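Okay, here's what each chain looks like letter by letter:
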Amino acid sequence: MAQSEYYSNSKASAIALTIACLIAAASAGSFYDEMDITFGGERAKILNGGQDLSLSLDQYSGSGFQSKNEYLFGRFDMQLKLVPGNSAGTVTTFYLSSQGAGHDEIDFEFLGNSTGNPYTIHTNVYSQGKGDKEQQFHLWFDPTAAFHTYTIVWNAQRIIFLIDNIPVRVFNNHEAAGVPFPKSQPMRVYASLWNADDWATQGGRVKTDWTKAPFTASYRKFNANANKVGPNSKSTSSENENQAWSTQGLDAAGRNRIRWVQNKHMIYNYCNDYSRFPNGLPVECTRSRFL
């Protein structure tokens with residue numbers, strides 16, 4: 001084969017491979033492929049060929065979806081644009097959860113507010129059915145004006161909550177000190193939009209204004225770089241052992257960022273709530289939060 005023909009064929013092959021990769025990337029994370037609508041009927045809508053999903057809430061029902069797959073550890077990214085305007089009483093969610101009384105759960109919940117007042121970002125971790133590990137934040141941007149990326153990194157050492165790749169919270173594995181940690185129950189990804197005006201906004205003092213319904217939140221660009229489990233899932237454990245999330249922690253820059261977030265934007269931390277724990281703070285509260 002002539003050298004010019006060789007390079008021509010190689011170039012054509014490279015172009016074909018690039019196109020194939022782009023097609024695969026475009027189809028990855030399709031809500032049709034990845035998710036099932038769980039409640040709300042037509043209030044949950046998959047749009048743009050599976051690339052977007054909207055959830056709506058009215059006075060009759062909210063809506064939600066869950067992943068088709070279960071996972072045991074991984075990195076989970078979702079872009080959200082929250083309910084605009086007067087969102088008081090509404091709760092938008094993105095979380096991981098197993099099932100049953102002793103379930104594990106890792107939560108992002110977005111508590112709406114009256115017009116002009118900030119959303120509250122509510123985080124919590126449940127292990128073996130027990131939670132009570134809440135941290136809450138106000139954001140440094142308007143989460144209703146554009147999409148932002150919310151991430152849960154879950155590995156055997158720690159759980160990291162990130163917003164636009166900025167760490168806002170770390171929950172470390174302190175099983176050696178007797179603190180339960182979610183590590184053995186596979187979890188699905190869940191998302192929902194529902195009414196919680198008995199507690200969500202200013203302790204339930206501000207109720208949902210149903211004249212503003214329907215309320216709508218938008219989701220896109222879901223990605224799970226994670227270990228799938230279950231009878232219908234090909235094991236990806238060996239493929240993912242060397243993924244960054246499997247040992248991800250915080251470097252010096254990450255520790256500086258999380259300190260900035262927690263110093264400037266945290267509004268509640270269970271580890272500082274002495275009135276709630278009169279007999280002493282939980283064991284993990286005496287350890288470093290930023291390892």
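Residues numbered from 1 in each chain as written. Predicted model: local features only at pLDDT ≥ 70, side-chain atom pairs only at ≥ 80, totals over all residues. Heavy atoms only, no water.

A look at the overall build of the protein
Moving on, step 1. Tallying secondary structure elements over the protein gives four helices and 15 strands in all.
Moving on, step 2. Counting all 291 residues of the protein, 48% fall into the buried class.
Moving on, step 3. Accessible area for the protein stands at about 14,200 Å²; split by element, carbon and sulfur atoms hold 50% of it. (Helix = DSSP H or I, 4+ residues; strand = E, 2+ residues; numbered from the N terminus. Buried < 20%, exposed > 50% of the residue type's maximum accessible area, 1.4 Å probe, protein only. Areas by Shrake-Rupley, 256 points an atom, 1.4 Å probe, with all protein chains shown as cover.)

Focus on the sheet that holds strand S14 (residues 215-229)
Moving on, step 1. The strand order across the open sheet formed by seven strands is S2-S3-S14-S5-S10-S11-S12, and the pairing between neighbours is antiparallel. Strand pairing shows two members of the sheet lacking a second neighbour, strand S2 (44-47) and strand S12 (166-172), which therefore form its edges. Mean inter-strand twist for the sheet, computed between neighbouring axes without regard to direction, equals 20 degrees.
Moving on, step 2. In terms of strand pairing, strand S5 (residues 70-81) meets S14 through nine bridges, oriented antiparallel. Across the sheet, residue Lys 81 finds its bridge partner in S14, namely Ser 218. (Pairing = 2+ DSSP bridges. Axes fitted to C-alpha atoms, helices over the stretch in contact; angles between N-to-C directions.)

Quick look at the state of the cysteines
Moving on, step 1. Enumeration over the complete set of coordinates arrives at one disulfide.
Moving on, step 2. Covalently, Cys 271 is tied to Cys 285 through a disulfide, its sulfur atoms 2.0 Å apart. Between Cys 271 and Cys 285 the sulfur-sulfur dihedral comes to about -75 degrees; the bridge is accordingly left-handed. A residue pair is termed long-range when its members are at least 10 positions apart, and Cys 271 in the segment after strand S15 (266-269) and Cys 285 in the segment after S15 qualify at 14 residues. Assigned by exposure class, Cys 271 and Cys 285 land together as buried. (Disulfide = S-S within 2.5 Å.)

Quick look at unusual backbone geometry
Moving on, step 1. Of note, the amide linkage connecting Ala 213 to Pro 214 takes the cis form, showing an omega dihedral of 0 degrees.
Moving on, step 2. Structurally, Pro 214 can be placed in the loop between strand S13 (188-195) and S14.
Moving on, step 3. With a phi angle near 55 degrees, Asn 48 is a residue other than glycine that sits in the positive phi range.
Moving on, step 4. Position of Asn 48 among the secondary structure elements: in the loop between S2 and strand S3 (52-57).
Moving on, step 5. Overall, Asn 48 belongs to the exposed group, its relative accessible area being 56%.

As for the pairing of strand S6 (residues 90-97)
Moving on, step 1. A large share of S6 lies buried, amounting to eight of its eight residues.
Moving on, step 2. Every second residue of S6 is oriented toward a common face, with Thr 90, Thr 92, Phe 94 and Leu 96 on one face and Val 91, Thr 93, Tyr 95 and Ser 97 on the other, all of them buried.
Moving on, step 3. For S6 and S13, the ladder comprises eight bridges, and the chain directions are antiparallel. Of the residues in S13, the one forming a bridge with Val 91 is Trp 194.

Here's the deal with the sheet that holds strand S4 (residues 63-67)
Moving on, step 1. Strand order across the open sheet formed by eight strands is S1-S4-S13-S6-S7-S8-S9-S15, with antiparallel pairing between neighbours. What marks the edges here is a single partner per strand, and that holds for strand S1 (35-39) and S15. The sheet shows a mean angle of 15 degrees between the axes of neighbouring strands, taken without regard to direction.
Moving on, step 2. Across seven bridges, the pairing between S6 and strand S7 (residues 105-111) is antiparallel. Counterpart to Ser 97 in the pairing with S7 is Glu 105.

Comments concerning the environment of Phe 137
Moving on, step 1. By the element assignment, Phe 137 lies in strand S9 (residues 135-137).
Moving on, step 2. Setting aside chain neighbours within four positions, we find Phe 137 in contact with Tyr 119, Thr 120, Ile 121, Thr 123, Val 168, Arg 169, Val 261, Gln 262, His 265, Met 266 and Ile 267. (Contact = heavy atoms within 4.5 Å.)

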